[in-house]
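Read off the chains here:
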Amino acid sequence: MDRLAQLHLWLNELAENTYHDLQPASADASFRQYFRLTNRQDGKTYIVMDAPPDKEDCHPFVLVTDLLRGVGVNAPDIIAIDIKQGFLLLDDLGDEPYLKHLDESTADGLYIDAIDALVKMQSIDGILPAYDRDMLQTEMDLFETWYVNKHIGVTLDQQQRNSLETVFGILLDNAEQQPQVFVHRDFHSRNLMITNENNPGVIDYQDAVIGPVTYDLVSLFKDCYIEWPRDKVEHWLDLYLARVTPEQLIEKDQLLRWFDLMGVQRHLKVLGIFARLNYRDNKPQYLRDLPLTLKYILDSCERYHELQPLKRILDDINDVSLAGQDS
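Definitions and limits used
Every chain is numbered on its own, with residues counted from 1 as its sequence reads. The predicted nature of this model means local features are confined to residues of pLDDT at least 70 and side-chain atom pairs, given and counted, to a pLDDT of 80 or more, with totals for whole chains, interfaces and linings taken over all residues. The basis for the side-chain values is all heavy atoms of the structure; hydrogens and waters are excluded. Helix and strand labels come from DSSP, where a helix needs a run of H or I of at least four residues and a strand needs a run of E of at least two; each type is numbered from the N terminus. Every helix has an expected span of 1.5 Å times one less than the residues it contains. Note on classification: 1.4 Å probe, protein chains only; a residue is buried when its accessible area is under 20% of the maximum for its type, exposed when over 50%, partly exposed between these limits. Any N or O atom pair separated by 3.5 Å or less is treated as a polar contact, with the protein-specific requirement of one donor-capable and one acceptor-capable atom, and with residues adjacent in sequence counted only for side-chain atom pairs. Contacts are assigned to residue pairs that have any heavy atoms within 4.5 Å of one another. What counts as a ring pair is set by centres within 6.5 Å for rings of Phe, Tyr and Trp (its six-membered ring), and what kind of pair is set by the plane angle: stacked under 30 degrees, edge-to-face over 60, tilted for all other angles. For this document, the term salt bridge refers to a Lys or Arg side-chain nitrogen within 4 Å of an Asp or Glu carboxyl oxygen.

Undergrad: If you had to explain helix α5 (residues 133-152) to someone new, which residues and values would you point to?
TA: Taking 1.5 Å per residue as the helical rise, α5 with its 20 residues ought to reach 28 Å, and the 27 Å between its terminal C-alpha atoms agrees with that figure. Turning to α5, its buried residues number three or more, namely L136, E139, M140, L142, F143, E144, W146, Y147, V148 and I152. Taken from the residues just after α5, G153 is the one with a positive phi, measuring 80 degrees.

Right under this line is the structure:
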């Protein structure tokens, strides 16, 4: 039996055939699929998560859902679950992501709501994996493997690899120096849904960890899908600082440095992931988001002298890439 037939059978057994009109709800960068369906009896819509158990583990999603809802964050309620088959029936938080509505007139209001949700999330005291040096390093290694080697078609020489290792060390030290809190890991405009009550609805949080305090701020304000001027970003960071408790107080200059260097770590990872999604998973749509992701890194390289070796590497591989296109 294929997955879709299996899913229909589960839904029919679950609700005595009261659900109908199963439609794809969203694309995902993982093996998960999402469907929207309607209840025949009351017309209410729900979301079904299809997480093949041989590729995805539902337990983290269930755990983090409980943690988020426990602090008042608008995560979907789990209506029914079959861990063995990898099916979950969830509340529908709608199909209006932040990205669809963000502009100059809406940004302040939407981001204030997101900041308030983030502060709630960072109050969570739960048992989650540590976002440690090994995990952060493994993520950054995707940059060389998938972006430099596969996408650009360049092999770094030993001197370049030594320089890259030095920069990685700076970024890892920066992550470790920060207060360690709940981290969503993809707290950006495609995973925040506009809702009438308790905005925003928060989704795609199953990979949550305990890690650096600025990580989700980077995801939110150095979003790979939408760019904002630096003065606006710093204004929103001020609003964040105004909402943290006194014992969490961080100086603005310190926060900015943590934030910018954390962004370089995240965006090196993302360059690798977007390239991998294209070459391994046949999802070429992510390639169009590479230029903004790269721009964020280069902007930080200009701002911090210790990142100049990384800028030289990026300049060198770009030159090679351009030369290859010319030939």
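This is not the end of the story, as more comes after the structure.
Undergrad: Tell me what's going on with the side chain of D50, and back it up with residues and numbers.
TA: Tracing the chain through its elements places D50 in strand β3 (residues 45-50). Side chain to side chain, D50 and R3 meet in a polar contact 2.4 Å long. If sequence neighbours within four positions are ignored, D50 has contacts with R3, F31, R32, Q33, F35, G86 and F87.

Undergrad: Requested: an account of the packing of aromatic side chains, with residues and values cited.
TA: In the structure shown here, the tally under the stated rule is 11 aromatic pairs. Here the aromatic cluster, defined as three or more aromatic residues joined through ring pairs, consists of Y111, F221, W228 and W236.

Undergrad: Before we move on, can you summarise unusual backbone geometry with the specific residues and values?
TA: Backbone torsion omega between N199 and P200 reads 0 degrees, so that peptide bond is classified as cis. With respect to the secondary-structure elements, P200 resides in the loop between β7 (192-193) and β8 (201-202). Positive phi values are uncommon outside glycine, yet R185 reaches one of about 90 degrees. Relative to the assigned elements, R185 resides in the loop between β6 (180-183) and β7. Its identity as a non-glycine residue notwithstanding, N282 has a phi of 55 degrees, on the positive side. Within the element layout of this structure, N282 appears in the loop between α9 (252-279) and α10 (290-303). In this structure N282 comes out as exposed when scored by relative accessible area, which is 66%.

Undergrad: Hey, could you go over the pattern of salt bridges for me, with residue numbers and the actual values?
TA: Inspection of every chain in the model, using the stated rule, returns 27 salt bridges. The partner of K100 in a salt bridge is E96, and the shortest N-O contact between them spans 3.3 Å. Relative accessible area serves as the criterion here: at 53%, K100 is assigned to the exposed category. We classify E96 as partly exposed; its relative accessible area is 28%. With a closest N to O distance of 2.8 Å, K252 and D238 form a salt bridge.

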